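Structure at a glance
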Amino acid sequence: MTCSTPLVSIKQSLQPELDRLNELITSSLTSSNALMNTIVEGYLMSKGKQIRPILVILAAKMLGEINDHVFEAAAAVEMLHNASLIHDDVVDESKMRHSRPTINSVWDNHLAVLVGDFFVSTALNKAISTGDLRVVNSIALLGKELSLGELDQIYNARFHSIDEESYFGIISRKTASLFISCVEMGAYTVGVDDSRLDALREFARLLGLCFQIKDDIFDYFTNDAIGKPTGNDLREGKITLPLIYALSLEAHPQHEQMNALARGENLDADSIAALIEFAKQAGGIEYAVATMTRLRDEAVRVLDTIDDPRGIAPAFRSLIDYIINRDF
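An account of the accompanying structure is given in this report. These numbers come from a predicted model, not from an experiment. Think of each chain on its own: its residues are numbered from 1, step by step along the sequence as written. In keeping with the model being predicted, local features are shown solely for residues with a pLDDT of at least 70 and side-chain atom pairs are shown and tallied solely at 80 or more, while totals for entire chains, interfaces and linings include all residues. To get the side-chain values, all heavy atoms of the structure are used, and hydrogens and water are removed first.

Describing the overall build of the protein chain
- Segments assigned H or I by DSSP are reported as helices when at least four residues long, segments assigned E as strands when at least two residues long, and all are numbered from the N terminus. When helices and strands are tallied, the protein chain shows 16 helices and two strands.
- Within these notes, the globule rule equals 2.2 Å times the number of residues to the 0.38 power, and the radius of gyration is based on C-alpha atoms. What you see for the protein chain is a C-alpha radius of gyration of 20 Å, in line with the 20 Å of a compact globule of 328 residues.
- Counting only C-alpha atoms, the protein chain reaches 60 × 50 × 45 Å along its principal axes.
- Burial classification: accessible surface area is computed with a 1.4 Å probe over protein chains only, and a residue below 20% of its type maximum counts as buried, one above 50% as exposed, and the rest as partly exposed. For the protein chain, the proportion of its 328 residues judged to be buried stands at 51%.
- At a minimum sequence separation of 6, the contacts of the protein chain that also span at least 24 residues come to 77%. Residues are treated as being in contact if the distance between any of their heavy atoms lies within 4.5 Å.

Focus: unusual backbone geometry
- Look at glutamine 50: it is not a glycine, yet its phi comes out positive at around 60°.
- Considering the arrangement of structural elements, one finds glutamine 50 in the loop between helix H3 (34-44) and helix H4 (51-63).
- Taking relative accessible area as the criterion, glutamine 50 reaches 6% and is therefore assigned buried.
- Despite not being glycine, glutamate 93 shows a phi value in the positive range, around 55°.
- The residue glutamate 93 is located in the loop between helix H5 (68-92) and strand E1 (96-97) in this model.
- Residue classification places glutamate 93 among the exposed positions, given a relative accessible area of 59%.

A few points about helix H15 (residues 284-303)
- Helix span is expected to be 1.5 Å times the residue number reduced by one. In a regular helix each residue adds 1.5 Å, so 20 residues correspond to 28 Å; H15 covers 29 Å between its end C-alpha atoms and thus fits that length.
- Taken together, the buried positions of H15 are Gly284, Ile285, Ala288, Thr291, Met292, Leu295, Arg296, Ala299, Val300, Val302 and Leu303.
- In this fold, the buried residues of H15 make contact with H4, helix H9 (164-188), helix H10 (195-218), helix H12 (241-247), helix H14 (269-281) and helix H16 (313-325).

Brief notes about the nonpolar core
- Only buried residues count toward a nonpolar core. Its members are Ala, Val, Leu, Ile, Met, Phe, Trp, Tyr and Cys residues joined through side-chain atoms within 4.5 Å. Judged by nonpolar contacts, the single largest core of 107 residues is most densely connected at Ile213 and Phe316.
- Residue contributions to this core peak at 13 residues, all from H5.
- Residues within four places of phenylalanine 316 in sequence aside, it is in contact with Leu55, Leu58, Ala59, Met62, Leu200, Phe203 and Leu303.

What about empty space enclosed by the protein?
- A 1.4 Å probe that fits but cannot get out identifies a cavity on a 1 Å grid over protein atoms alone, an open set with protein on both sides within 12 Å along at least five of seven lines counts as a pocket, and a residue lines either if it has an atom within 4 Å of a point. Grid points are joined across faces, edges and corners, and a volume is the space filled by probe spheres set on the points. With the rule as written, the count across this model stands at two cavities of 30 Å³ or more.
- Estimated volume of the largest cavity: approximately 170 Å³.
- Along the wall of the largest cavity there are 19 residues; nearest its centre are Asn156, Ser161, Ile170, Lys238 and Ile239.
- Breaking the lining of the largest cavity down by element, the ones donating at least two residues are helix H8 (133-159), H9 and H10.
- For the lining of the largest cavity, the element with the highest residue contribution is H9, accounting for five residues.
- Within the lining of the largest cavity, the residues separate by chemical class into seven nonpolar, eight polar and four charged. When residue character is reported, Ala, Val, Leu, Ile, Met, Phe, Trp, Tyr, Cys and Pro are called nonpolar, Asp, Glu, Lys and Arg charged, and the others, Gly included, polar.

A word on the environment of asparagine 125
- By the element assignment, asparagine 125 lies in helix H7 (residues 109-129).
- Residue classification places asparagine 125 among the partly exposed residues on the basis of a relative accessible area of 43%.
- With 53 residues separating them along the chain, asparagine 125 and glutamate 72 place their C-alpha atoms 9.1 Å apart.

Observations regarding the environment of glutamate 145
- Along the chain, glutamate 145 falls in helix H8.
- Separated by 27 residues in the primary sequence, glutamate 145 and serine 172 have C-alpha atoms spaced 8.9 Å apart.

Some thoughts on the packing of aromatic side chains
- Stacked, tilted and edge-to-face pairs are distinguished by plane angle, under 30 degrees for stacked and over 60 for edge-to-face with tilted covering the rest, among Phe, Tyr and Trp rings (Trp via its six-membered ring) whose centres lie within 6.5 Å. In the structure shown here, the tally under the stated rule is five aromatic pairs.
- Here the aromatic rings of phenylalanine 203 and phenylalanine 316 are separated by 5.3 Å at their centres, their planes lie at 75°, and the arrangement is edge-to-face. Taken together, the residues phenylalanine 203 in helix H10 and phenylalanine 316 in helix H16 connect sequence positions 113 residues apart.
- Look at phenylalanine 316 and you get buried, because its relative accessible area is 0%.
- Any Lys NZ or Arg CZ that is within 6 Å of a ring centre and within 35 degrees of that ring's normal is treated as a charge sitting over the ring. Directly above the aromatic system of phenylalanine 211 lies the positively charged group of arginine 52, at a separation of 4.9 Å from the ring centroid.
- The lysine or arginine in question, arginine 326, covers the ring of phenylalanine 211, its NZ or CZ lying 4.1 Å from the ring centre.

Pasting the structure below:
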C-alpha cells in the first residue's frame with residue numbers, strides 16, 4: 001500500500017489540472033526529430049514531484065479562475081526547471097538522478113546539452129503563448145537568477161567564502177527565485193498583480209529557502225533515493241548550512257582544525273567524512289532544522305495575511321510542511 005503524504009494529497013486534489021498540464025508538456029516537446037522524441041519520451045516517463053507547476057496552479061486558484069494561460073505558464077516553468085537539471089547533470093557528470101539514469105549517461109553530453117536547450121526554447125515558447133509580457137519577463141529573469149546563483153556558488157567554493165550571509169544569497173538565487181517565479185506566473189495569468197502577489201512572493205521565497213536547506217541536509221546522510229553520494233557538495237567545494245554553523249563555533253575545540261580543513265583544495269574521502277561528522281557532532285543538523293522551522297513559521301504568518309475565499313491556503317501550508325519533512 002502506498003504511503004500518503006501531503007504532496008500526494010495535493011496532487012490528488014489537482015489531478016485534472018496536472019493531467020492537462022502533462023498532456024501540454026508532452027505535446028509541446030513533440031518534434032519532427034525522431035531522436036529528440038525518443039530521448040524526451042524516456043525523460044518524461046518520470047514526472048518528478050512537479051512542485052513548481054503545482055505552485056503556479058495553486059497561486060492561480062487562490063487568486064482567480066484557472067484558464068489556458070495558467071497551464072502554459074506552469075508548463076513553461078516546469079520545462080525550464082527540467083532544462084536546468086539536464087544541464088546540471090552534464091556539468092556534474094551525474095550518472096543517476098533519483099534512481100534513474102541521466103540523459104548524459106544514457107546518451108552523451110552533446111545530446112544532453114541539446115535536449116536541455118530544446119527544453120529552454122520550448123519553455124520560452126509556452127511563456128509567450130500566454131500573451132503576457134510579465135510572464136515572459138518572469139521566466140527570462142528566472143533564467144538569469146538560476147545561472148547567477150550557480151556562478152555565485154562556484155565563486156564562493158573557489159574562494160572559500162563560508163558564511164551564512166553568502167549561503168543565503170546563493171540559495172535565494174539558485175532555488176528561491178524559481179519558487180517566486182512560479183507564484184508570479186500563477187498570479188499574472190489570472191490577472192492579479194497587487195499586494196496579494198507580494199505576500200505570495202514572500203511565502204514562495206521562504207518556501208524555496210526551506211527546500212534548499214532540506215536538500216543540503218540530505219548531503220550529510222546516506223540516501224539511495226536522492227541519487228548522489230554522501231558528501232557530494234563538499235566534494236564539489238560547496239559548504240552548506242550545517243557545516244557553516246559548526247565552523248562558526250569559535251569556542252569549539254576543533255574550530256581551527258576544521259576551518260583549515262574546510263578551506264583545503266580537493267578534499268579527499270577522509271577529510272569529507274571528518275567534516276560531515278564534525279557538522280553533525282557540533283549540532284549543525286539541528287541548527288539547519290531549527291532554521292527551516294523558523295522560516296516555515298514566517299511563511300505561514302505571511303500566508304495568513306492573504307484573503308483566501310477559495311480555501312487554497314491549507315494546500316500551501318501542507319506543501320511547505322511536506323518540503324521540510326520529506327525523505328528525498
